[in-house]
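Inside the fold
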Amino acid sequence: MATLRAMMVVTTITLRGGTALEAPCGRQELGERRQQPCETRWIWAVDVKTAVQQISPYLEDTSNDAPQFIYFEGWLGLGASAVLRAIAEQPPPSLREKFDRIIHIDCSMWKSRRALQRVIADELKLTQQVVAIDAQDEEDDFSGVDLGSREEFGDVARVIARYLVQYRCLVVFHNGSDGMVDLTSCGIPPPEIFNTKVLWTFRGRLRLNAEIIEKVENSHRYIYATYYPHSNRNAYLADDAREIALHMNKLGHGVTPKIATECCLYLLSLNNQGKKMIDYNWATHASCYWVCDGIIGGGQDNQTWEVAHALQQHIRLEDYSSNAQLMASVDMLDLSSKQWISITESYFKEVPPEATTLFYGSKKSSPQAVSLPSDKFHKADQLRVLKLCGCTFSFSSPPFHCCRNLRFLGLDRCMDGLQHGEEEEEKTGERAVEIFQRLWVLDVCHTDWPLAFPPETEEQVVATDIREVHITNGRIWTSNFAWRRLPNLHKLQVVEPTNPWETERRDEFMAMVNLELLDLSGNSTIQVLPSLSGATSLKTLILDGCVGLEHVGPRQLPPSLESFSLNTAGEDEDLKKKNVEISYISLAGCVRLANFILRGSLPNLEELDLSHTAIKILDLGEVVQVKNLQRLFLMGCGQLCIDTRARGGEVDNRKPAWSRDCSLMVYRQDEVKEYCHASVAVADMRFLQSLEFLWTWARIRCDKWNLCLSSTSDDDGRGCHKEKMGSHYSTGQLAAALSLPKSLTYHDISIEQISAKIDISSSSSSAQFLPLDLHMDIGEGISDVTDKSSTRARDAIRTVMDSVESLHVHDSSSITSVAPEHTFGTYIMNGLKWCCVERCPKLDTVFATNYYWECFSNLEIFWAAHLLMARSIWSRPRNPRLDANDLSFTQLRAIHLHFCPRLRYVLPMASNNTLSKVLETLHIHCCGDLKQVFFVEQEFLEKIAARHEKGMLGFSNLKSLYLYELPNLQQICEAKMFAPKLETIYIRGCWSLRHLPATDSRRLEDGRPVAVDCEKDWWDKLEWDGMKSGHHPSLFQPR
């Protein structure tokens, strides 16, 4: 879509009485040519109602040359949002007859194209599509996709389009983005083809940026409203303010349209008077101005300040803060005010008595400050907001001392104008302190205004009313100051002070129960953070540039803390030369901490502890030097995102992921040798993509980690210490842990007896069940990773599970496969040495794999129990023609299966499968549907018959068979088996089995028959192939 830059072609319209207006029509620079001229129309409208009537014919026009997209600019940027809402919610009867559906899309508070699509789906009550979008949002949370860059959903767009093509639709769209939006990609049927009209606007929320209209497409019809010369033009501003109030009331912030209008007038009036020469700092102080001026009444009531702050968030202040070119409507409004005054001239007579707000200052480029005589404020009894820029006056006896109602004072680049003839009582500075005591907000920039506060021993409290103090490159103290003497302080910013302020006792903030924000940026001389434990309402702590700090927390910090920032990567050259001293940061126990930002170089940082916090993002992407980081603790974190992109100075573009529960603990070295141990507990497998640094970051790469995936895990992460990395499980202990019931038919042999016998064998010794260096535990609440999961999520999960050495999967009521095919590639879990899977009632196929290359090449022991729905342990390969050189199962010595009633087979045998050469123990109990243990692919079956000795598949190391209650078992292996080292067979309840493995015929000569413990009736019905095949009753000894 075309996007135009620069200024605009102008259509001049002469109104009655000779008034001329300029009609914006997609401006263009000299030399640029449009593909199509912008169709501009104007309507005469006094108010919203008449504007609706005037626009309706354009919407109803269905002629071939009628534009399908209509952009409404309002009255030079004002009132457009109100008109669109009126058309959507109270359309004229003619519009109702013309269109079957009117779809109202209000995205004036812009989030993303996907959020736009969700609004459409919600408007159409497409519940399933809303759920699908929310599910994809969750997936993108894990993948770390930025909220603003999330794109629309193709499947949802198709459903929306199929739903809407059956109707004649009018789409009313409030576009809060910074450019054109393709509604068709979100599901709106193409207006050029279907009976769809789109009425839209960029305007709303006092968005008066003149440049935004350059982005309107040339093909769109551009409509703006004109007004009669004697119209009340401020009424259009009131329409915009009413829209803002409506949004706020929906969110529970009660504000009347009248108050919202007054706040907008305040902003526009002062901004227009300042002429870009006064920095109002709207983004920080707009809400303060409104309350201190009295527009939003309530004074010291906390709710008043909250409402004012919410209103500030609903107005697009970016244009006013950046001094962008505003619409001409600003000049046409009646912004004259005797209450709100902004003076940029070097001289003014006096402050009018009715003034409540005054901004006064010379140009920033002026090298000299303007003297402010003492006679300017004698009549300013009502003055409540005052900001002085580049002025000189007596700091000890300010000329505005007589302003008894002053609530906001701002001083920017001001200097002390003390004269030699000043009286002695004025030099004491009592008047300055009196002013300070009346204030609610003080803002000091590039100004040293040392106030003569009474000594702490004389008077503990200095001021009871002041709520906010903002100091940037200045100071208000002489030597030191205890901020606890301002008990009502809610916000304190002391940024790059010109003189240190801390006291020797470090108790400056003791018992400051109202303090919510503390910004100490640039205080490079602070070595020890004062105790903040008594600031029980503190939500935000900013320590950017505090390079002298030795440590942070945990005792100094309150549990109420929600946001923390430490950035040492400042632009100040002197700051860059200073060594960052901080060695450890601990915010452990700050249970509300949701946002944690760390930036810059931290060469001495050894420990970072964020345990038991609510952090959502741990963004280490800009930390380019943490070369001495030894310990990282994230135990009990409930909503963690981790962005660990820093790799010894290199930063890539990957974003953080999210999880509902996370605990992480990393040790990097001890006194004897370097090592890295980590223990992690998370509630979703997709979270693993955020932990790639554990095995990829060169400075942290772990040689031991313990991953616990469970939504109910009580693991606090402390199991990662080298003495606690795992515990021993003997085979008998593991059998007991599996909670296997006794056989219902046979009482002469128990599971415990079998386990005891297995435990004696070398292949299943207790050492085999020690959680190994790279261990994973998957427990309750863990679900499958679907094929809709992001590529990064699946890659991370595959990488981790391919590295796992020991795996325990248990008590998951939703997982259907431990290794789903869409997640795992060709090489599958080749690091795994032992695996136990139990009590997963929906597990269908434990491991799904294609067997194209090596799989499970190091697996030694496999256990499974209580898999009620499992039909196979390993899936069949889709392509049986496999490369015989790529070997799998080269170490699998023992298989134990218990109580898997639906199991059909265990493992498919193919040409690249070496299991038959290494298997020593096969133990299966209570698997009622099992017909054959080893399914053999047809190609391999033919190869066995043609090439293997005696047409049998050799199990050269098989020693023990334990088969119990397998009534449908017909074959152990589809191919005939030859087991020359077979020693023991325990069989009960396998009445369909007629064939045992063949063995070495020399056993008869050596007197080493295979011991068989079985029922006599079953023995008598066995079938034999003869002594030449090593398959004769004399080679076995039943008992």
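Presented here is a report on the structure given in the accompanying data block.

Rules of the game
- Residues numbered from 1 in each chain as written.
- Predicted model: local features only at pLDDT ≥ 70, side-chain atom pairs only at ≥ 80, totals over all residues.
- Heavy atoms only, no water.
- Helix = DSSP H or I, 4+ residues; strand = E, 2+ residues; numbered from the N terminus.
- Buried < 20%, exposed > 50% of the residue type's maximum accessible area, 1.4 Å probe, protein only.
- Contact = heavy atoms within 4.5 Å.
- Phe/Tyr/Trp six-rings, centres within 6.5 Å; stacked < 30°, edge-to-face > 60°.
- Lys NZ or Arg CZ within 6 Å of the ring centre and 35° of its normal.
- Expected span 1.5 Å × (residues − 1).
- Pairing = 2+ DSSP bridges.
- Axes fitted to C-alpha atoms, helices over the stretch in contact; angles between N-to-C directions.
- Core = buried A, V, L, I, M, F, W, Y, C linked by side-chain atoms within 4.5 Å.
- Salt bridge = Lys/Arg side-chain N within 4 Å of Asp/Glu carboxyl O.
- Disulfide = S-S within 2.5 Å.
- Parallel < 35°, antiparallel > 145°, perpendicular 65-115°, else oblique.
- Left-handed = near helix turned anticlockwise from the far one by under 90°.
- Nonpolar A, V, L, I, M, F, W, Y, C, P; charged D, E, K, R; others polar.
- Polar contact = N/O pair within 3.5 Å; in protein donor to acceptor, adjacent residues only side chain to side chain.

So, the overall build of the protein chain
Across its full length, the protein chain holds 23 helices and 52 strands. Counting the 1039 residues in the protein chain, one finds 56% classified as buried. Contacts in the protein chain between residues at least 24 apart in sequence constitute 71% of all its contacts with a sequence separation of at least 6.

Notes on the packing of aromatic side chains
The full count for this structure, using the stated rule, is 35 aromatic pairs. A ring pair is formed by F856 and W874, whose centres lie 5.7 Å apart and whose planes are at 85 degrees; its orientation type is edge-to-face. On the criterion of sequence distance, the pair formed by F856 in the loop between strand 39 (845-847) and strand 40 (861-865) and W874 in strand 41 (residues 872-874) is long-range, its members being 18 residues apart. Exposure class is identical for F856 and W874. Each is buried. We note R101 situated over the ring of Y167; from NZ or CZ to the ring centre the distance is 6.0 Å.

A closer look at helix 2 (residues 80-89)
Among the 10 residues in helix 2, 9 count as buried, and that is most of the element. Those residues of helix 2 that sit buried are A80, S81, A82, V83, L84, R85, A86, I87 and A88.

Focus on helix 8 (residues 257-274)
The end-to-end C-alpha separation of helix 8 is 26 Å, in line with the 26 Å expected for 18 residues at 1.5 Å each. Among the residues making up helix 8, those that are buried are A260, T261, C263, C264, L265, Y266, L267, L268, S269, L270, N271 and G274. Residue K276 follows helix 8 closely and has a positive phi angle near 65 degrees.

Side note on the pairing of strand 4 (residues 69-72)
By the alternation rule, side chains of strand 4 split into F69 and Y71 and I70 and F72, which are all buried. Bridge count for strand 4 against strand 7 (residues 196-201) is 3 bridges, and the pairing is parallel. Looking at the pairing, Y71 lines up with W200 of strand 7.

Thoughts on the sheet that holds strand 43 (residues 907-909)
Backbone hydrogen bonds hold the strands of a sheet together, and the pairing may be parallel or antiparallel. Strand order across the open sheet formed by 3 strands is 43-45-48, with parallel pairing between neighbours. Of all strands in the sheet, those bounded by a partner on one side alone are strand 43 and strand 48 (971-973). The sheet shows a mean angle of 45 degrees between the axes of neighbouring strands, taken without regard to direction. Bridge analysis of strand 45 (residues 932-936) against strand 48 gives 2 bridges, and the strand direction is parallel.

Quick notes on unusual backbone geometry
A cis amide bond, omega -5 degrees, links G553 with the succeeding residue P554. When you line up the elements, P554 lands in the loop between strand 21 (551-552) and strand 22 (563-567). Positive phi outside glycine occurs at N473, with the angle close to 50 degrees. Looking at where N473 falls in the secondary structure, it is placed in the loop between strand 17 (468-472) and strand 18 (491-495). When its relative accessible area of 30% is taken as the criterion, N473 is described as partly exposed. Of note in this structure, H612 is not a glycine but carries a positive phi near 55 degrees. Its place among the elements puts H612 in the loop between strand 25 (607-609) and strand 26 (617-619). By relative accessible area, H612 is classed as partly exposed at 44%.

Things to note about the sheet that holds strand 6 (residues 169-175)
What the 6 strands build is an open sheet, ordered 3-8-4-7-6-5; its pairing is parallel. At either end of the open sheet lies a strand with only one pairing partner, and these are strand 3 (39-44) and strand 5 (101-107). With strand direction ignored, the average angle separating the axes of adjacent strands in the sheet is 20 degrees. Note that strand 5 and strand 6 share 7 bridges and pair parallel. Directly across from I103, in strand 6, lies its bridge partner V171.

Some words on the environment of K1028
If you trace the backbone, K1028 turns up in the loop between helix 23 (1016-1020) and strand 52 (1036-1038). Sequence separation between K1028 and S1001 is 27 residues, and the spatial gap between their C-alpha atoms is 7.4 Å.

What about the nonpolar core?
By size, the foremost hydrophobic cluster in this structure holds 85 residues, and its most contacted members are I476, W483 and L587. Other than its neighbours up to four places away in sequence, I476 contacts F436, L442, V444, W449, P450, L451, F453, V469, I471 and W483.

Examining the pattern of salt bridges
For the structure shown, the criterion picks out 28 salt bridges. Two residues, R168 and D100, come together in a salt bridge whose shortest N-O distance is 3.6 Å. Remark: D100 occurs in the loop between helix 3 (93-98) and strand 5 and R168 occurs in the loop between helix 6 (154-164) and strand 6; sequence separation between them is 68 residues. Here R242 makes a salt bridge to D239, at a shortest N to O gap of 2.9 Å. Here the residue R242 and the residue D239 both occupy positions in helix 7 (residues 234-250), the gap between them amounting to 3 residues, near one helical turn. Exposure remark for R242: the relative accessible area of 43% places this residue in the partly exposed category.

Comments concerning the state of the cysteines
Summed over all chains, the structure comprises 0 disulfides. Distance from the sulfur of C403, which forms no disulfide, to the nearest cysteine sulfur (C402) is 4.5 Å. C403 gets classed as buried once you look at its relative accessible area, which sits at 0%.

A short note on the packing of helix 9 (residues 282-293) against helix 10 (residues 302-314)
One can describe the packing of helix 9 onto helix 10 by two numbers: an axis separation of 9 Å at closest approach and a directional angle of 135 degrees. As far as their axial angle goes, helix 10 and helix 9 are oblique. By crossing handedness, the relation of helix 9 to helix 10 is classed as right-handed. Counted together, W282, A283, T284, H285, A286, S287, C288, W290, V291 and C292 of helix 9 and T304, W305, A308, H309, L311 and Q312 of helix 10 form the full contact between these two elements. Split into classes, the residues belonging to the contact of helix 9 with helix 10 amount to 10 nonpolar, 6 polar and no charged.

A short note on the packing of helix 8 against helix 9
Their axes nearest at 11 Å, the elements helix 8 and helix 9 cross at an angle of 120 degrees. Remark: the crossing between helix 8 and helix 9 carries right-handed chirality. Residues C263, Y266, L267, L270 and N271 of helix 8 lie in contact with helix 9, whose contacting residues are W282, Y289, W290 and D293. Of the residues that constitute the contact of helix 8 with helix 9, the class distribution is 7 nonpolar, 1 polar and 1 charged.

Topic: the side chain of N488
Assignment of secondary structure puts N488 in the loop between strand 17 and strand 18. At 3.5 Å, the side chain of N488 and the backbone oxygen of D465 are in polar contact. Leave out the neighbours within four places in its chain, and N488 touches Q300, T464, D465, I466, R467 and N514.

Digging into the environment of G1007
With respect to the helices and strands, the residue G1007 is situated in the loop between helix 22 (1003-1006) and strand 51 (1010-1013). For the pair G1007 and L1035, spaced 28 residues apart in the sequence, the C-alpha separation amounts to 8.9 Å.

Here's the deal with the side chain of S872
Mapped onto the elements of the fold, S872 is located in strand 41. Side-chain polar atoms of S872 contact the side chain of T845, separated by 3.5 Å. Once residues within four sequence positions are removed from consideration, S872 is found in contact with D844, T845, V846, L903 and Y905.

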